[in-house]
Amino acid sequence: MNDHFYLTDDQRMIRDLARKIARDRVARHAADVDERERYPEESIRALMEAGLYGIWVPEKFGGADMGCLALSLVAEEVAWACAATATQWLDQPLGGLPILLAGTEAQKEKYLPRLATGALLAAYSLSEAGAGSDAASLATTAVRKGDHYVLNGAKQWCTNGDHADVITVFATVDRSKRAKGVTAFLVEKEFAGFSVGKKEKKMGIRGSPTVALHFTDCVVPADQRLGEEGEGFKIAMQTLDITRPATGAMAVGIGQAALDAAVGYAKERKQFGQPIGAFQGIQFMLADMAMQVHAARLMVHHAARQVDVGIRGNTYEASMAKCWAGDAAMKVTTDAVQVFGGYGYTREFPVERFMRDAKIMQIYEGTNQIQRLIIAKALLETL
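Residues numbered from 1 in each chain as written. Predicted model: local features only at pLDDT ≥ 70, side-chain atom pairs only at ≥ 80, totals over all residues. Heavy atoms only, no water.

### Thoughts on the overall build of the chain
Here comes step 1: For the chain, the count of helices and strands is 10 helices and 10 strands.
Here comes step 2: Taking 2.2 N^0.38 as the reference for a compact globule, 383 residues should give roughly 21 Å; the C-alpha atoms of the chain span a radius of gyration of 21 Å, in line with that estimate.
Here comes step 3: By principal-axis analysis of the C-alpha atoms, the chain measures approximately 80 × 50 × 40 Å.
Here comes step 4: By residue count, 55% of the 383 residues in the chain fall in the buried class.
Here comes step 5: Looking at the chain alone, contacts between residues at least 24 apart form 74% of all its contacts between residues at least 6 apart.
Here comes step 6: Total accessible area on the chain is roughly 16,400 Å²; 55% of this is exposed by carbon and sulfur atoms.
Here comes step 7: Taken as two groups, the 44 positive and 46 negative side-chain charges of the chain have centres that lie 3 Å from each other. (Helix = DSSP H or I, 4+ residues; strand = E, 2+ residues; numbered from the N terminus. Rg over C-alpha atoms; globule rule 2.2 N^0.38 Å. Buried < 20%, exposed > 50% of the residue type's maximum accessible area, 1.4 Å probe, protein only. Contact = heavy atoms within 4.5 Å. Areas by Shrake-Rupley, 256 points an atom, 1.4 Å probe, with all protein chains shown as cover. Lys, Arg positive; Asp, Glu negative; His and termini not counted. Charge placed at Lys NZ, Arg CZ, Asp CG, Glu CD.)

The following block contains the structure:
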């Protein structure tokens with residue numbers, strides 16, 4: 001895609017660097033990481049060594065401060081190679097941006113420089129067994145006792161929770177207040193009363209660990225609270241407005257990988273004496289796949305650029321981008337399996353992995369049904 005007319009030199013440079021690292025050092029491990037459900041150690045290290053872990057961190061804290069579009073460009077390239085690695089990589093800003101958005105100067109100095117290099121790993125923990133789409137109904141409690149809080153409860157679906165050094169955890173100081181009781185805390189893995197629970201066995205992104213977290217009279221110093229009591233839900237949503245375009249970009253990367261594979265296969269696979277790409281039925285499938293991916297990329301870039309110019313009321317566009325890209329990835333990867341025929345259904349080829357990885361794109365960071373509710377609410381807010 002010719003996007004030179006709106007990408008800056010720095011953005012093109014970071015995209016090209018991410019593409020090179022992803023294709024040279026990440027893609028080769030993707031099938032093994034998926035097959036063995038193992039942590040993508042080599043791929044993560046490659047991204048750290050390239051300096052890609054700190055692109056969202058301000059320069060004063062050792063980062064490159066490149067913004068949301070750069071985050072999305074890198075997310076697409078890494079996801080093209082390995083969606084599990086991309087999920088792990090994006091978890092750093094997901095867990096770290098709340099510190100940037102709401103942290104004290106001391107909290108920023110304590111964490112951001114090490115998050116920028118990857119010396120510390122972050123995670124973000126909002127969901128619970130009974131609080132997924134309805135995040136304001138979370139039940140993990142935080143009770144103030146002098147100079148500390150005591151957390152009790154369990155969290156669910158925490159990406160990287162077993163590898164993270166610091167986790168942005170959302171708990172409530174008053175359940176009756178729903179969203180207005182939610183408060184954010186920076187929980188370090190060594191805190192007494194904190195433990196990692198069950199690791200999920202997943203359909204896709206199998207190299208990205210997803211775990212439960214348990215808090216049993218977990219003592220969290222008061223200076224580890226992020227923002228004021230009751231500000232947690234706002235912090236959680238502000239963070240998602242920035243990471244949602246990049247989540248959409250991961251879906252674009254998976255879709256692009258599937259499209260590339262399908263086009264390559266359509267040129268090589270012969271039936272009835274000619275490549276299957278010569279048949280109009282296949283050509284139309286490929287054309288539809290290309291349009292879906294292209295539209296998704298443009299929507300993602302649009303939402304990301306809004307963030308970069310300071311438009312923070314862009315939940316409408318960010319939700320559209322994430323929703324469209326997730327649905328497009330699912331459609332495109334399913335069609336790629338069809339183009340490959342029986343071979344596509346085997347694990348000899350990567351398209352079945354792309355299809356499994358694509359499914360989560362319609363679910364995490366807000367299901368696509370929730371995105372549609374957000375979009376419709378924006379359209380009908382005068383009602």
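We are not done yet, so read on.
### Focus: the pattern of salt bridges
Here comes step 1: Taken as a whole, this structure holds 25 salt bridges when the rule is applied.
Here comes step 2: For E77, the salt bridge is made with R19, and the minimal N-O distance between the two is 2.8 Å. Within this pair, whereas E77 is found in helix α3 (residues 67-81), its partner R19 is found in helix α1 (residues 9-36), the two being separated by 58 residues in sequence.
Here comes step 3: We classify E77 as buried; its relative accessible area is 3%.
Here comes step 4: For R297, the salt bridge is made with E76, and the minimal N-O distance between the two is 2.7 Å. You can see R297 sitting in helix α7 (residues 280-308) and its partner E76 sitting in helix α3, a full 221 residues away along the chain.
Here comes step 5: Several salt bridges share partner residues, and in doing so they unite D34, E37, K201, R206, E352 and R356 into one network. (Salt bridge = Lys/Arg side-chain N within 4 Å of Asp/Glu carboxyl O.)

### Topic: a nonpolar patch on the surface
Here comes step 1: On the surface, L379, L380 and L383 cluster together into a nonpolar patch covering about 380 Å² of accessible area.
Here comes step 2: One can find L379 in helix α10 (residues 368-379). (Patch = residues over 30% accessible without salt bridge, like charges linked within 9 Å, V, L, I, M, F, W, Y side chains within 5 Å.)

### Some points on the environment of P58
Here comes step 1: Tracing the backbone shows P58 in the loop between α2 (41-49) and α3.
Here comes step 2: Separated by 58 residues in sequence, P58 and A116 place their C-alpha atoms 9.0 Å apart.
Here comes step 3: If we skip the residues at most four places from it in the chain, P58 touches G63, D65 and L100.

### Structural notes on the pairing of strand β4 (residues 166-172)
Here comes step 1: Burial within β4 is extensive, with 7 of its 7 residues counted as buried.
Here comes step 2: With burial as the criterion, each face of β4 is covered, one bearing V166, T168, F170 and T172 and the other bearing I167, V169 and A171.
Here comes step 3: Across 4 bridges, the pairing between strand β1 (residues 122-125) and β4 is parallel. By the bridge assignment, A123 is partnered in β4 with I167.
Here comes step 4: In the sheet, β4 pairs with strand β5 (residues 182-188) via 7 bridges, with the strands oriented antiparallel. In the sheet register, T172 faces β5, and the bridge partner there is V182. (Pairing = 2+ DSSP bridges.)

### Quick look at the side chain of R244
Here comes step 1: Here R244 shows up in helix α6 (residues 232-268).
Here comes step 2: As a buried residue without a salt bridge, R244 has its nearest oppositely charged side chain in D241, at a separation of 4.2 Å.
Here comes step 3: Contacts of R244, omitting those with residues within four sequence positions, involve T315, A318, S319, K322, E365, Q371 and I374.

### Some words on the packing of aromatic side chains
Here comes step 1: If you walk through the whole model with that rule in mind, you get 9 aromatic pairs.
Here comes step 2: An aromatic cluster is built from Y265, F340, Y343 and F349, whose rings are joined through pairwise contacts.
Here comes step 3: Above the plane of the ring of W80 lies R23, whose end atom (NZ or CZ) is 3.7 Å from the centre. (Phe/Tyr/Trp six-rings, centres within 6.5 Å; stacked < 30°, edge-to-face > 60°. Lys NZ or Arg CZ within 6 Å of the ring centre and 35° of its normal.)

### Topic: the state of the cysteines
Here comes step 1: Enumeration over the complete set of coordinates arrives at 0 disulfides.
Here comes step 2: The thiol sulfur of C68 is not disulfide-bonded, and the nearest other cysteine sulfur, from C323, lies at 17 Å.
Here comes step 3: The class for C68 is buried, based on a relative accessible area of 3%.
Here comes step 4: With no disulfide of its own, C82 lies closest to C158 among cysteine sulfurs, the gap being 19 Å. (Disulfide = S-S within 2.5 Å.)

### Some points on the packing of helix α8 (residues 315-340) against helix α9 (residues 351-360)
Here comes step 1: Remark: α8 packs on α9, axes separated minimally by 8 Å, with the N-to-C direction vectors making an angle of 160°. In terms of orientation, α8 lies roughly antiparallel with respect to α9. Considering the relative orientation of α8 and α9, their crossing is left-handed. Contacts between α8 and α9 pair A329, M330, T333, T334, A336, V337 and F340 from the former with V351, E352, F354, M355, A358 and K359 from the latter.
Here comes step 2: Tallied by class, the residues present in the contact of α8 with α9 amount to 9 nonpolar, 2 polar and 2 charged. (Axes fitted to C-alpha atoms, helices over the stretch in contact; angles between N-to-C directions. Parallel < 35°, antiparallel > 145°, perpendicular 65-115°, else oblique. Left-handed = near helix turned anticlockwise from the far one by under 90°. Nonpolar A, V, L, I, M, F, W, Y, C, P; charged D, E, K, R; others polar.)

### A few points about α3
Here comes step 1: Its 15 residues give α3 an end-to-end C-alpha distance of 22 Å, which sits within 8% of 21 Å, the value for a rise of 1.5 Å per residue.
Here comes step 2: Across the 15 residues that make up α3, a large majority, 13, are buried. (Expected span 1.5 Å × (residues − 1).)

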